[in-house]
There are 2 protein chains.
Amino acid sequence: MRRLVVVGGNAAGMSAASQARKRTGPGELSIVAFERGHFTSYSSCGIPYWIGGVVAERDALISRTPAEFAKMSIDARVRHEVTEIDLDRREVVARALDDGGREVREPFDDLVYAAGAVPAAPPWARTDATGVYGVQTLDDGAAVLRALDADPAPRRAVVVGGGYIGVELAEAMIQRGLAVTLIEKAAQPMSTVDPDMGARVADAVAGLGVDVRTGVGVDGLEVDGGRVRAVVTSDGPVEADIVVLGLGVRPNTALAEAAGLPLGPTGAVEVDLRMRVPGTDGIWAAGDCVQTVHRVTGRPVHVPLGTHANKQGRVAGINLGGGYATFPGVVGTAVTKVCDLEVARTGLTSAEATAAGYRFVTASIESTSRAGYFPGAKPMCVKLIAEKRTGLLLGAQIVGRTEAAKRIDGLAIAIWNRMTVEEMTALDLGYAPPYAPVWDPVVIAARKATDAVHAEN
Amino acid sequence: MRRLVVVGGNAAGMSAASQARKRTGPGELSIVAFERGHFTSYSSCGIPYWIGGVVAERDALISRTPAEFAKMSIDARVRHEVTEIDLDRREVVARALDDGGREVREPFDDLVYAAGAVPAAPPWARTDATGVYGVQTLDDGAAVLRALDADPAPRRAVVVGGGYIGVELAEAMIQRGLAVTLIEKAAQPMSTVDPDMGARVADAVAGLGVDVRTGVGVDGLEVDGGRVRAVVTSDGPVEADIVVLGLGVRPNTALAEAAGLPLGPTGAVEVDLRMRVPGTDGIWAAGDCVQTVHRVTGRPVHVPLGTHANKQGRVAGINLGGGYATFPGVVGTAVTKVCDLEVARTGLTSAEATAAGYRFVTASIESTSRAGYFPGAKPMCVKLIAEKRTGLLLGAQIVGRTEAAKRIDGLAIAIWNRMTVEEMTALDLGYAPPYAPVWDPVVIAARKATDAVHAEN
């Protein structure tokens, strides 16, 4: 019987396991998955909403438990930390954390490396102090909630880092009734969008009552008796009962490196179109630990998002199960919600386009989510970035109050298909007064971008 | 000075006039537009919402009045009915309806024919009886509202025809407090979607309290003293104080035909990519009176929708103003709202795909608008139609409760770019728990359709 071992029991790893199982009976393939944490297959993206109380139950975030996997003849072992991948002996070594660290050895024919990402370590110490949290795993989320429920309850939260997670957590802490300071080194939070769009996010976050401090660096933590007391910043100390780190993540490649698997220029594991690690036989990788291709620039990128992890895991599982599927790369789509603001992006930002060597024009338009006269119409800003001369759509960003975020999908598909903004002026998009103005905001933006391209030529 | 005359003062005609004016000063080009009704540039699609009371003011539907056009040096003459287009003398003959029918002759260098559409005439008589209405123009809408405000107020409305307009009007009449019967000859209302999707619409309409009678033909009207009393159907007479005809429209080509302009196989005026009438010099046409190309089948189609009319008018105006723009066809996108149901389609329906000669598979999936655990998540059904063997996406339909309709845009753009359902399984669509499950409904549907294509091969 062939043997599959999966390292990492979340989105990518368990999608791979499920797809492999779908294609091979339990008599053909045994599947063992090791997961360091307490949970399998959960929505990491849902953690801020759980902390904020929008989602009431932890279990709502879990899509499949080890017991459910067992019914699929998948042996998902939580609280097992993999310590070594031995490619010569083709076995995985793990420690059973709830069994005194007992060593387990599991041989494999196929291996899926899906170790995910780990929080980017800040360049300062004492992040192990009580009251300092990351929010990468469901266990992290549970720890934050325990801290919030402590007696006396924490009153002051400092969130370090103004990316998606930082902004979502700042909102969650406000929803929990804390006084919140958000510290971001850059001039704007949400550097994943252009500064003019980021400024709108900053306003929305400030509007929630968050003390937003941009252009402020963190020098370290003040710790007293093992417990954090303040965050020391270039702007002075900011007192904190609880500190949440949202500094981004890096691919978790330690085991892969030790095993001699190739890492790419992004520092993440290299994979081919079928999610196989190049130069290996039966070693697959997927999720936040791998790099992929940005379809606009053609360059490798590391984009740790649950939606990619699920797709990549599925592709790996189909292929190792004898099928055929590919993951042809990403176009950089991401959406988030900040209070009643919807923020979406796809393709390249202006900074990314510049870094890639493009010369480009931008066009921003203000429109509404519905026909202007229809009740509930809300403002929406669409910004397009188009290559000079060719008019190729390179990137798009949307900030709106409602019915805005998912409009990015059409733009993502336009970029995927290498459309020009001029061709996009003719797009046949859905029109009815409850859903769009007769000129859809996307088409209005394409018109303005087309004019900008012509004006530059 | 060059002279432009526009026949028809609504979406297409006035978009053309505006674009021409944008590119040429009042000293270079004079612009006269004739409109038979009382109003210019209004949202026909908004009329049902005005009748239903969702939109309070008629003027909210008007985007530009003749006075506003006058400020742009566009002479928009309402209540002027064009009676002849004389291509030899290059002049238009019109009657001033509010001036005793006085004849006006207006010479032109360029002409934009934008006469719109007229209600499809039923094969029965007495549609001129009091109490019988169409809802094609703002004047029609005003007439319906006058009838609803009459004393004694009408209590029973019969809507004939279960297409978009019929369904929207049935809802509007319910909102006005009338007892409503909707009569549709076909087995389902909304034959613009597949029967399985149409059945959901029928349920929603019935859920509003509308008496939906499908498979019922209309034989005529019962009229008493010039006033309608009942609609005579294959199912017996249905008493009515007010009858609204929603039987669709046909292109208004009478003047074009008389002038010798070419009509296509759809019965609408032929135009080239730049909206010029082939074989003519300086004669342009746009809007509900022209035919266009369906980008999936490559065949001519007549699709009278405001969104196309505006784009086509703009293209005509840009070209006659010395610029360059094209209207490369449609992919059949349409959306509508029925109570809290959102209904969307793009590409070909199963019936249209069959008629075009395609062999195809279909795949329908049930999913949710947001992550299943996120508050406000609502069910959504996505149906895809893909060509056998190639997997080319031919059509898509969505029915949902909220945040569903505009998801059709991504599918429309996928069809526009001739994507296969297999490639679509990898699409990089926006994911965050408030906006989508981690597997977007569109991607889940693409996966299922891909499996269906493989199963057939």
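Thresholds, definitions, all that
Residues numbered from 1 in each chain as written. Chains lettered and ligands numbered in written order. Predicted model: local features only at pLDDT ≥ 70, side-chain atom pairs only at ≥ 80, totals over all residues. Heavy atoms only, no water. UniProt positions renumbered as here; feature names shortened; annotations may be inferred. Helix = DSSP H or I, 4+ residues; strand = E, 2+ residues; numbered from the N terminus. Rg over C-alpha atoms; globule rule 2.2 N^0.38 Å. Contact = heavy atoms within 4.5 Å. Areas by Shrake-Rupley, 256 points an atom, 1.4 Å probe, with all protein chains shown as cover. Lys, Arg positive; Asp, Glu negative; His and termini not counted. Charge placed at Lys NZ, Arg CZ, Asp CG, Glu CD. Salt bridge = Lys/Arg side-chain N within 4 Å of Asp/Glu carboxyl O. Buried < 20%, exposed > 50% of the residue type's maximum accessible area, 1.4 Å probe, protein only. Buried area = accessible area lost by both parts, 1.4 Å probe. Polar contact = N/O pair within 3.5 Å; in protein donor to acceptor, adjacent residues only side chain to side chain. Nonpolar A, V, L, I, M, F, W, Y, C, P; charged D, E, K, R; others polar. Least-squares fit on C-alpha atoms with pLDDT ≥ 70 in both. Phe/Tyr/Trp six-rings, centres within 6.5 Å; stacked < 30°, edge-to-face > 60°. Lys NZ or Arg CZ within 6 Å of the ring centre and 35° of its normal. Pairing = 2+ DSSP bridges. Axes fitted to C-alpha atoms, helices over the stretch in contact; angles between N-to-C directions. Parallel < 35°, antiparallel > 145°, perpendicular 65-115°, else oblique. Left-handed = near helix turned anticlockwise from the far one by under 90°.

- Chain A is annotated in an unreviewed UniProt entry as Flavoprotein oxidoreductase from Spirilliplanes yamanashiensis.
- In its Sequence similarities (unreviewed entry) section, the UniProt record describing chain A reads: "Belongs to the class-III pyridine nucleotide-disulfide oxidoreductase family."
- Its UniProt record gives chain A a comment under Cofactor (unreviewed entry), which states: "FAD".

1. Quick look at the overall build of chain A
Okay, so step 1: Broken down by element type, chain A carries twelve helices and 25 strands.
Okay, so step 2: Taken over C-alpha atoms, the radius of gyration comes to 23 Å for chain A, in line with the 23 Å a tight globule of 457 residues would show.
Okay, so step 3: For chain A, the spread of C-alpha atoms along the three principal axes comes to 65 × 55 × 40 Å.
Okay, so step 4: Across chain A, the fraction of contacts at a sequence separation of at least 24, relative to all contacts at a separation of at least 6, is 63%.
Okay, so step 5: Surface summary for chain A: the accessible area is close to 17,100 Å², and the carbon and sulfur share equals 48%.
Okay, so step 6: A distance of 3 Å separates the average location of the 47 positive side-chain charges in chain A from that of its 53 negative side-chain charges.

2. Some points on the pattern of salt bridges
All names here are of chain A.
Okay, so step 1: One pass over the structure, following the stated rule, counts 58 salt bridges over all chains.
Okay, so step 2: Asp 196 is the partner of Lys 383 in a salt bridge, and the nearest nitrogen-oxygen pair spans 2.9 Å. Here the residue Lys 383 occupies a position in strand S24 (residues 379-387), and Asp 196 occupies one in helix H6 (residues 195-207), the gap between them amounting to 187 residues.
Okay, so step 3: Of the residues examined, Lys 383 reaches a relative accessible area of 7% and is grouped as buried.
Okay, so step 4: Taking relative accessible area as the criterion, Asp 196 reaches 36% and is therefore assigned partly exposed.

3. What about the UniProt feature "domain: FAD/NAD(P)-binding" (unreviewed entry) in chain A?
Okay, so step 1: Under the local residue numbering, the UniProt record ascribes the feature "domain: FAD/NAD(P)-binding" (unreviewed entry) to residues 3-297 of chain A.
Okay, so step 2: Overall, residues 3-297 of chain A shows 22% helix and 30% strand. The separation of its end C-alpha atoms is 38 Å.

4. Things to note about the interface of chain B and chain A
Okay, so step 1: Listed as interface residues are 61 residues of chain B and, on the opposing side, 61 residues of chain A.
Okay, so step 2: At the boundary of chain B with chain A, total buried surface from both sides reaches about 5,200 Å², with 64% on carbon and sulfur atoms.
Okay, so step 3: When the buried surface of chain B facing chain A is broken down by residue, Tyr373(B), Asp428(B) and Tyr435(B) rank first, second and third, together holding 15% of it.
Okay, so step 4: Across the contact surface, chain B and chain A share four salt bridges.
Okay, so step 5: Taking the shortest distance from any N to any O, the salt bridge between Arg295(B) and Glu423(A) comes out at 3.8 Å.
Okay, so step 6: Linking chain B to chain A there are 20 residue pairs in polar contact (both at pLDDT 80 or more).
Okay, so step 7: If you list the elements that add at least two residues to the side of chain B that touches chain A, you get helix H8 (306-320), strand S21 (334-338), strand S22 (341-347), helix H10 (408-416), helix H11 (421-424) and helix H12 (441-456) of chain B.
Okay, so step 8: Among the residues forming the side of chain B that touches chain A, the class breakdown is 34 nonpolar, 14 polar and 13 charged.

5. Overview of the UniProt feature "domain: Pyridine nucleotide-disulphide oxidoreductase dimerisation" (unreviewed entry) in chain A
Okay, so step 1: Here, the residues flagged by UniProt with the feature "domain: Pyridine nucleotide-disulphide oxidoreductase dimerisation" (unreviewed entry) are residues 335-437 of chain A.
Okay, so step 2: Along residues 335-437 of chain A the backbone is 18% helical and 36% strand, and the end-to-end C-alpha distance reaches 22 Å.

6. Some details on the side chain of Ser41(B)
Residues and elements named next belong to chain B.
Okay, so step 1: Mapped onto the elements of the fold, Ser 41 is located in the loop between strand S2 (29-35) and helix H2 (47-52).
Okay, so step 2: Ser 41 gets classed as buried once you look at its relative accessible area, which sits at 10%.
Okay, so step 3: With residues near it in sequence (within four places) discarded, Ser 41 still touches Gly 9, Asn 10, Met 14, Leu 61, Ile 62, Ser 63, Arg 64 and Phe 69.

7. Remarks on the relation of the copies chain B and chain A
Okay, so step 1: With an axial shift of 0.0 Å and an RMSD of 0.0 Å, the rotation relating chain B to chain A amounts to 180°. Taken together, the rotation and translation describe the operation of a two-fold axis. Closest approach to the rotation axis within chain B is made by the C-alpha atom of Gly410(B), at a distance of 2.1 Å.

8. Looking at the packing of aromatic side chains
Okay, so step 1: On inspection of all chains with the given rule, the structure shows two aromatic pairs over all chains.
Okay, so step 2: On the numbers, 5.1 Å between centres and 85° between planes, the contact of Tyr49(A) with Phe374(B) is edge-to-face. Of this pair, Tyr49(A) sits in helix H2 (residues 47-51) while Phe374(B) is found in the loop between strand S23 (360-368) and strand S24 (379-387), placing the two residues in two different chains. In this pair, the class of Tyr49(A) matches that of Phe374(B), namely buried.
Okay, so step 3: It is Arg447(A) that lies over the ring of Trp439(A); its NZ or CZ is 4.4 Å from the centre.
Okay, so step 4: When the ring centre of Trp416(B) is taken as origin, the NZ or CZ atom of Arg295(B), which lies over that ring, is 3.9 Å away.

9. Focus: the pairing of strand S12 (residues 211-214) of chain B
Strand residues, when the strand is regular, have side chains that alternate between the two faces of the sheet.
Okay, so step 1: The pairing of strand S11 (residues 179-184) of chain B with S12(B) spans four bridges and is classified as parallel. Its bridge partner being in S12(B), Thr181(B) is matched across the sheet by Asp211(B).

10. With respect to the sheet that holds strand S16 (residues 242-245) of chain B
Residues and elements named next belong to chain B.
Okay, so step 1: Read from one edge to the other, the open sheet built from five strands follows the order S9-S16-S10-S11-S12, with strand pairing classed as parallel. The sheet terminates laterally at strand S9 (132-133) and S12, the two strands that pair on one side only.
Okay, so step 2: Where helix H5 (residues 164-175) meets the sheet, it contacts strand S10 (156-160), S11 and S16, and its direction lies at approximately 170° from that of S11.

11. Quick notes on the packing of helix H10 (residues 408-416) of chain A against H10(B)
For any two helices packed against each other, one specifies the inter-axial angle together with the distance between the axes.
Okay, so step 1: Two numbers describe how H10(A) lies on H10(B): the axes approach to 7 Å, and their chain directions differ by 15°. Viewed along their axes, H10(A) and H10(B) adopt a mutual orientation that is roughly parallel. In this structure, H10(A) crosses over H10(B), and the sense of that crossing is right-handed. Between H10(A) and H10(B), the contacting residues are Gly410(A), Ile413(A) and Ala414(A) on the first element and Gly410(B), Ile413(B) and Ala414(B) on the second.
Okay, so step 2: Per-class residue counts for the contact of H10(A) with H10(B) are four nonpolar, two polar and no charged.

12. Comments concerning unusual backbone geometry
Okay, so step 1: Cis geometry is found at the peptide bond from Asp151(A) to Pro152(A), where omega equals 0°.
Okay, so step 2: Phi is positive for Ser73(B), which is not a glycine, with a value near 60°.
Okay, so step 3: Of note, Ser73(B) is situated in the loop between helix H3 (66-71) and strand S3 (75-78).
Okay, so step 4: Although it is not a glycine, Arg79(B) sits at a positive phi angle of roughly 55°.
Okay, so step 5: Inspection of the secondary structure assignment puts Arg79(B) in the loop between S3 and strand S4 (80-86).

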